[in-house]
Amino acid sequence: MELIQETPDLSAYLAADEVIDHDHPRVRATAARLAAQAEDSYAYARLAFDFVRDTIPHSQDSGDPRVTWRASDVLERRTGICYAKSHALAALLRAEGIPTALCYQKFEVVHGLVAVRFNGAWHRQDPRGGEAGAAGAFSLDGERLPFLPDPEFNEVDYDVLYAQPHPAVLDALRAAPDAAYLQKTLPTAL
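Rules of the game
- Residues numbered from 1 in each chain as written.
- Predicted model: local features only at pLDDT ≥ 70, side-chain atom pairs only at ≥ 80, totals over all residues.
- Heavy atoms only, no water.
- Helix = DSSP H or I, 4+ residues; strand = E, 2+ residues; numbered from the N terminus.
- Rg over C-alpha atoms; globule rule 2.2 N^0.38 Å.
- Buried < 20%, exposed > 50% of the residue type's maximum accessible area, 1.4 Å probe, protein only.
- Areas by Shrake-Rupley, 256 points an atom, 1.4 Å probe, with all protein chains shown as cover.
- Lys, Arg positive; Asp, Glu negative; His and termini not counted.
- Charge placed at Lys NZ, Arg CZ, Asp CG, Glu CD.
- Disulfide = S-S within 2.5 Å.
- Axes fitted to C-alpha atoms, helices over the stretch in contact; angles between N-to-C directions.
- Parallel < 35°, antiparallel > 145°, perpendicular 65-115°, else oblique.
- Left-handed = near helix turned anticlockwise from the far one by under 90°.
- Contact = heavy atoms within 4.5 Å.

Draft legend 1. Representation of the overall build of the protein. Each helix and strand counted, the protein has seven helices and six strands in total. Counting from the amino terminus, helix and strand elements in the protein follow one another as β-α-α-α-α-α-β-β-β-β-β-α-α. Expected size for 190 residues packed as a compact globule is a radius of gyration near 16 Å; at 15 Å, the protein falls within 12% of this value. With 190 residues in all, the protein has 51% of them scored as buried. With an accessible surface of roughly 8600 Å², the protein has 49% of that area assigned to carbon and sulfur atoms. Distance between charge centres in the protein, computed from 18 positive and 28 negative side chains, equals 6 Å.

Draft legend 2. Focus on the state of the cysteines. All told, the structure shown has zero disulfides when counted by the stated rule. We note that Cys 82 lacks a disulfide partner, and the nearest cysteine sulfur, in Cys 103, lies 11 Å from it. For Cys 82, a relative accessible area of 7% puts it in the buried group.

Draft legend 3. Seen up close, the packing of helix α2 (residues 41-55) against helix α5 (residues 82-95). Where α2 meets α5, the axes come as close as 10 Å, and the angle between the chain directions of the two elements is 155°. When the axis of α2 is compared with that of α5, the two are roughly antiparallel. As for the relative orientation of α2 and α5, their crossing is right-handed in sense. Contacts between α2 and α5 involve Tyr 44, Ala 45, Ala 48, Phe 49, Phe 51, Val 52 and Arg 53 on the former and, on the latter, Lys 85, Ala 88, Leu 89, Leu 92 and Leu 93.

What is shown is where atoms sit, not what they do.
Right, dumping it as structure tokens:
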């Protein structure tokens, strides 16, 4: 699948904003701690991916009722659904100068993941984790995603790479007082 940048300006995929707040002290501190363990940007990206996948439980799996959407909040509260975990990973990667996009798949609901840019190409990564046997792995040599859409069931890999969260995703996250409400209002298409 050919991935298409929403904007041709690569600097948009390095920007901080209200959601991917990589200028926040908590994000900066976490990034610095991970970077101290990495010998290069590739190793850092893998460490950041593993950190988000393995240390931030997916709220649906853990039963945590809190809804997070801002990267710094995800890191503080240690919970989030796929979108929130993707926001946290994007912030950690952008904090170290790695262009990172948000991208999506459609199953019963829209699923969030990221794409990182290395060697002039985008590589999708899914930091969701949690489900036994369904934990994706960081890879720059072919995708190692835990979930693959099946067109027979009207499932889709969206090819657009967003610099900011899709408005439908962000609206659902912001409007949800708790995880139970969010589960009823997740977007079913983009």
